Amino acid sequence: LVRQAGTLAMDYEGVKNNVYNGYATIPSGFMPSLFTEHNKQIPEESQNMEKAKELMEQSGVGPCSISVHLCEGSDDQVQMAQILQSNLAELGITVEIKVMPWLSMVDENSSPDTAPEMSALNMGAFTGDSVFFLKQNFHSVNSGQPYNWSFYENPEFASLIDQATATVDEEEQKTLL
């Protein structure tokens, strides 16, 4: 519930307009919008502070603190984190922003025991390959590796990605994804 509240508290329009001068796309699901597997039925994220406050109340967590760790040289990440910091303050969440070298981030995010509550990665669809994109971010073989710092592990998901990797049939691959 706290994660959902944080997602709803984020000022996506503010990030788009103030960090990227209007030259950004607001997320609508994890898959990049230009990938054929992107689900166009998923609406863009939007701020809903009223719902975020309801979810925080339902969570029973109350005032708390989290750390957000960012990579040196990523001024856009710092600006986004500052916007998030302001938004989450309205929910009673104090955000500590820490900027550090890339290798330090990799090291601390390699284990759930040392990983901060949040960190940011600049990830692009640099291969244009949906299977690679999902495997790198969510396959259990990459748990704790850049870019699967969420430590997501789901055998059914991993099996579907493995099947999608093994086929050259584009329709079968799209169905699996």
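Residues numbered from 1 in each chain as written. Predicted model: local features only at pLDDT ≥ 70, side-chain atom pairs only at ≥ 80, totals over all residues. Heavy atoms only, no water.

**Quick word on helix α2 (residues 12-19)**
Right, so step 1: Those residues of α2 not exposed but buried are Tyr12, Gly14, Val15 and Val19. One side of α2 holds all its buried residues, which, seen down the axis, span an arc of 160°.
Right, so step 2: Packing partners of the buried residues in α2 comprise α1 (2-9) and α4 (75-89). (Buried < 20%, exposed > 50% of the residue type's maximum accessible area, 1.4 Å probe, protein only. Helix = DSSP H or I, 4+ residues; strand = E, 2+ residues; numbered from the N terminus. Arc of directions from axis to C-beta. Contact = heavy atoms within 4.5 Å.)

**Brief notes about the confidence of the model for the protein**
Right, so step 1: Per-residue confidence for the protein gives a mean pLDDT of 91; residues scoring 70 or more make up 99%.
Right, so step 2: Mean pLDDT values over the elements of the protein span from 86, in helix α6 (residues 130-138), up to 98, in helix α3 (residues 49-59). (pLDDT = per-residue confidence, 0-100.)

**Remarks on the pairing of strand β2 (residues 93-100)**
Right, so step 1: Bridging between strand β1 (residues 64-71) and β2 involves eight bridges; their strand directions are parallel. The residue of β2 that forms the bridge with Ile66 is Val95.
Right, so step 2: Where the polypeptide runs from β1 across α4 and back to β2, its parallel neighbour, the crossover connection is right-handed. (Pairing = 2+ DSSP bridges. Right-handed = clockwise from strand over helix to strand, strands pointing away.)

**Some words on the sheet that holds strand β3 (residues 118-119)**
Sheet strands line up and pair through hydrogen bonds in the backbone, either parallel or antiparallel.
Right, so step 1: Spatially, β2-β1-β3 is the arrangement adopted by the three strands of the open sheet, whose pairing is parallel. Looking at which strands have only one partner, the edges of the open sheet turn out to be β2 and β3.
Right, so step 2: Here α4 sits on the sheet and contacts β1, β2 and β3; the angle it forms with β2, its principal contact strand, is near 165°. (Axes fitted to C-alpha atoms, helices over the stretch in contact; angles between N-to-C directions.)

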